[in-house]
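Observations on the three-dimensional arrangement
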Amino acid sequence: MKIKSFATALALAVVCATTQMSCDSKKENKAEEVQDAKEDVIEAQQEGDTAEVRDEQAELDSARKDYREAVRDSIKDKNN
């Protein structure tokens, strides 16, 4: 019986640890997407194509929104 309890506790610890890592990873991935989108906007501005700048800016705004949502989810998960 003690072995089952120990195995269950160990499994629970592994699940909790991987959940925390995946949340951080998700947030980091979204941050990288924002950085990439920002670089795309800068490239489009340097090329002088206003239509492309608008498209890239829309993608940047979307990436920033996704990042903010990931941060909120991460904070919400930590508080629960």
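Right, let's walk through the structure included here. (Residues numbered from 1 in each chain as written. Predicted model: local features only at pLDDT ≥ 70, side-chain atom pairs only at ≥ 80, totals over all residues. Heavy atoms only, no water.)

Overview of the overall build of the protein chain
Condition: Numbering of helices and strands runs from the N terminus, with a helix taken as a DSSP run of H or I at least four residues long and a strand as a DSSP run of E at least two residues long. In this scheme, a residue with accessible area under 20% of its type's maximum is buried, one over 50% is exposed, and one in between is partly exposed, where area comes from a 1.4 Å probe on protein chains only. For this analysis, residues touch if any pair of their heavy atoms sits within 4.5 Å. Only the protein chains shown count as cover for residues, and all accessible areas are computed by the Shrake-Rupley method using a 1.4 Å probe.
A tally of helices and strands in the protein chain yields 2 helices and 0 strands. In the protein chain, which comprises 80 residues, the proportion classed as buried is 15%. Put simply, of all contacts in the protein chain between residues at least 6 apart along the chain, 60% involve residues at least 24 apart. Element-wise, carbon and sulfur atoms account for 54% of the exposed surface of the protein chain, whose accessible area totals about 6,400 Å².

Observations concerning the nonpolar core
To keep it simple, the criterion reads: For our purposes a nonpolar core is just a set of buried Ala, Val, Leu, Ile, Met, Phe, Trp, Tyr and Cys residues, chained together by side-chain atoms within 4.5 Å.
Within the largest apolar cluster, 5 residues are counted, these being Val34, Ala37, Val41, Leu60 and Ala63. Elements supplying a minimum of two residues to this core: α1 (2-47) and α2 (50-79). Setting aside residues up to four positions removed in sequence, Ala63 forms contacts with Glu33, Val34 and Ala37.

Considerations on the side chain of Lys30
Stated precisely, the cut-off is as follows: All tallies of charge rest on Lys and Arg as positive and Asp and Glu as negative; His and the ends of each chain are not included. Criterion for a salt bridge: a side-chain nitrogen of Lys or Arg within 4 Å of a carboxyl oxygen of Asp or Glu.
Tracing the sequence through the fold places Lys30 in helix α1. An unpaired buried charge is present at Lys30: no salt bridge exists, and Glu33, the closest side chain of opposite charge, is 4.0 Å distant.

Quick word on the side chain of Glu56
If you trace the backbone, Glu56 turns up in helix α2. Here Glu56 sits buried without a salt bridge, and the closest side chain of opposite charge, Arg64, lies 12 Å off (N-O distance). When sequence neighbours within four positions are dropped, the list of residues in contact with Glu56 reads Asp40, Val41 and Ala44.

Describing α2
An α-helical segment advances 3.6 residues per turn. Residues three or four places apart therefore align on the same side. So the rule is basically this: Take the number of residues in a helix, subtract one, and multiply by 1.5 Å to get its expected span.
Taking 1.5 Å of rise per residue, the 30 residues of α2 would be expected to cover 44 Å, and the 43 Å separating its terminal C-alpha atoms lies within 8% of that figure. When α2 is considered as a whole, its buried residues turn out to be Val53, Glu56, Leu60, Ala63, Ala70 and Ser74.

Focus on a negative patch on the surface
Condition: Two joining distances apply to patches: 9 Å for like charges and 5 Å for nonpolar side chains (Val, Leu, Ile, Met, Phe, Trp, Tyr), and every residue must have over 30% relative accessible area and no salt bridge. Taken as the charge location is NZ of Lys, CZ of Arg, CG of Asp or CD of Glu.
The grouping of Glu28, Glu32, Glu33, Asp36, Glu39, Asp40, Glu43, Glu47, Asp49, Asp55 and Glu59 at the surface amounts to a negative patch. Only α1 and α2 provide two or more residues apiece to the negative patch. Structurally, Asp55 can be placed in helix α2.

Considering a positive patch on the surface
On the surface, a cluster of positive charge is contributed by Lys38, Arg64, Lys65, Arg68, Arg72 and Lys76. Ranked by the residues each element gives to the positive patch, the list is headed by α2, at 5 residues. Among the secondary structure elements, Arg68 is positioned in helix α2.

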